[in-house]
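Residues per chain are reported as follows:
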Amino acid sequence: MQRRDDGPSRQAPSGPRHNRAGQRTSSAHGPSLNAMPASPVDPRTSKSDPIGPLLRVRGLVKRFGDHDVLRGIDLDVMPGDRIAILGASGSGKSTFLRCLNFMELPDAGTVELDGRIVGREVRVRNEPARRVHDEAELTRVRQRVGMVFQQFNLFPHMTALGNVMEGLRTVRGQRAAEARARAERELARVGLADKADAYPARLSGGQKQRVAIARALAMDPEVLLFDEPTSALDPELVGEVLRVIRSLAEEGCTMLLVTHELGFAYHVASRVLFIAEGTIHEQGTPDQILRHPQRPRTQAFLERHREFDF
Ligand code: ADP
Ligand code: MG
């Protein structure tokens, strides 16, 4: 299997980047949102890639005490996939995303990122093999698999610009001028060039979430995880955040998105998963899952979320 070079060039945030299909991506010098075309993302076209999945999840298990939250999840995420994840509250959606960027360590199973399994297998005689992870590796994984949270998680004592610069400075070790220039570009990309010097307390929820997205983008993630990115927002602020996510989808960004915005999922996702009882209970195209669910549990969930329009 062919692999991308894992050298320092992957980390370099300057200059145009290319995705695995060889197409130029525009995250480093992306157009501002205002310049984004309004055309819908075709839900049927997910880039297929002969090289292999960007993320390959096998048998992922996570338990808290005696509560088996994830009971064996298998998933391949191809470059350019836009995967919407649905499920009842408490079904393990956040836990699943957190396991993908190793904010939670799986109890069993593997996560392979671009052909390499994260962690090192350790075998002790008579015990099942387990994986151990060193912090340096996990720091790299968390840069490559970016996360956007429901509650934004911005540093309140830093400006918007400071929040976006922080990872570039502390994790990437960039000099202030370089980090500042990159952070300014990312804020412009989410339509917040004029809010660079504002502290979170002075920003609306929608603006805070866009800063959080800019912060994630600044690290050049290969995959972006969105955990209910609009659930904490007043209804009138949801649209500005969804427009940013949609523009990223149109740029070919690979993403997993936990959301209750079913109309958005219908139009933007290439695939929809419904999680129940710790497994992927049903999956398919947006049309298959959202309009023609086959399994009673999926049907019942969608019955309860009828208030969407698509
Ligand atoms: P969802 O995002 O689908 O609402 P979560 O992944 O947040 O669900 O949670 C799944 C289950 O795991 C819930 O029962 C929750 O209470 C439990 N859980 C999540 N995180 C922890 C934790 N750190 N410690 C103990 N239980 C947890
Ligand atoms: Mg959650």
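One can find the structure itself at the top, above this paragraph.
Criteria and cut-off values
- Every residue gets a number counted from 1 within its own chain, in the order that chain's sequence is written.
- The naming scheme follows written order: chains are lettered A onward, ligands numbered 1 onward.
- The predicted origin of the model limits local features to residues at a pLDDT of at least 70 and limits the giving and counting of side-chain atom pairs to 80 or more, whereas totals for whole chains, interfaces and linings rest on all residues.
- The side-chain figures draw on all heavy atoms in the structure; neither hydrogens nor water molecules are used.
- Any residue with a non-hydrogen atom lying within 4 Å of a molecule or strand is treated as near it.
- By the criterion applied in these results, polar contacts are pairs of N or O atoms within 3.5 Å in which, for protein atoms, one can donate a hydrogen and the other can accept it, and in which residues neighboring in sequence qualify only through two side-chain atoms.
- Exposure was quantified through the Shrake-Rupley algorithm and a 1.4 Å probe, taking into account, for residues, occlusion by the shown protein chains and nothing else.
- A helix here means a DSSP run of H or I that spans at least four residues, while a strand means a run of E at least two residues long, and both kinds are numbered starting from the N terminus.
- Three categories are distinguished: nonpolar for Ala, Val, Leu, Ile, Met, Phe, Trp, Tyr, Cys and Pro, charged for Asp, Glu, Lys and Arg, and polar for the others, with Gly belonging to the last.
- Strand pairing is defined by DSSP finding a minimum of two bridges between the two strands.
- Axes, fitted as lines to C-alpha atoms, cover a helix only where it is in contact. Angles between the N-to-C directions of the axes lie from 0 to 180 degrees.
- Contacts are assigned to residue pairs with any non-hydrogen atoms lying within 4.5 Å of each other.
- Burial classes: relative accessible area under 20% of the type maximum marks a residue as buried, over 50% as exposed, and values in between as partly exposed (1.4 Å probe, protein chains only).

Caption draft 1: View of the site of ligand 1. Inspection of the region around ligand 1 gives Phe64, His67, Val69, Ala88, Ser89, Gly90, Ser91, Gly92, Lys93, Ser94 and Thr95 as its neighbouring residues. For ligand 1, an oxygen atom lies 3.2 Å from a polar atom in the backbone of Ser91. Protein contacts shield 59% of the accessible area of ligand 1, which totals 560 Å² for the unbound molecule. For the shell around ligand 1, the secondary structure elements donating two or more residues are β4 (67-77) and α1 (93-100). The element contributing the most residues to the shell around ligand 1 is α1, with three residues. Split by residue class, the shell around ligand 1 holds three nonpolar, seven polar and one charged.

Caption draft 2: Structural context of the sheet that holds strand β12 (residues 254-258). Taken together, the six strands give an open sheet; going across it, the order is β10-β11-β12-β5-β13-β14, and neighbouring strands pair in mixed fashion. Strands at the two margins of the open sheet, each flanked by one partner only, are β10 (145-148) and β14 (279-284). Adjacent strand axes in the sheet meet at a mean angle of 20 degrees, parallel and antiparallel pairs treated alike. Pairing of strand β11 (residues 223-227) with β12, which is carried by five bridges, proceeds in the parallel orientation. Residue Leu224 lies in a different strand from β12, and its bridge partner there is Met255. Each of β5 (82-87), β11 and β12 is contacted by helix α6 (residues 235-250), which is oriented at about 145 degrees to β12, the strand it contacts most.

Caption draft 3: Here's a closer look at the environment of Phe64. The residue Phe64 is located in strand β3 (residues 55-64) in this model. Taking relative accessible area as the criterion, Phe64 reaches 38% and is therefore assigned partly exposed. Residues Phe64 and Asp107, 43 residues apart in the sequence, show an inter-C-alpha distance of 9.5 Å. Excluding anything up to four places from it in sequence, Phe64 contacts Val69, Thr95 and Glu104.

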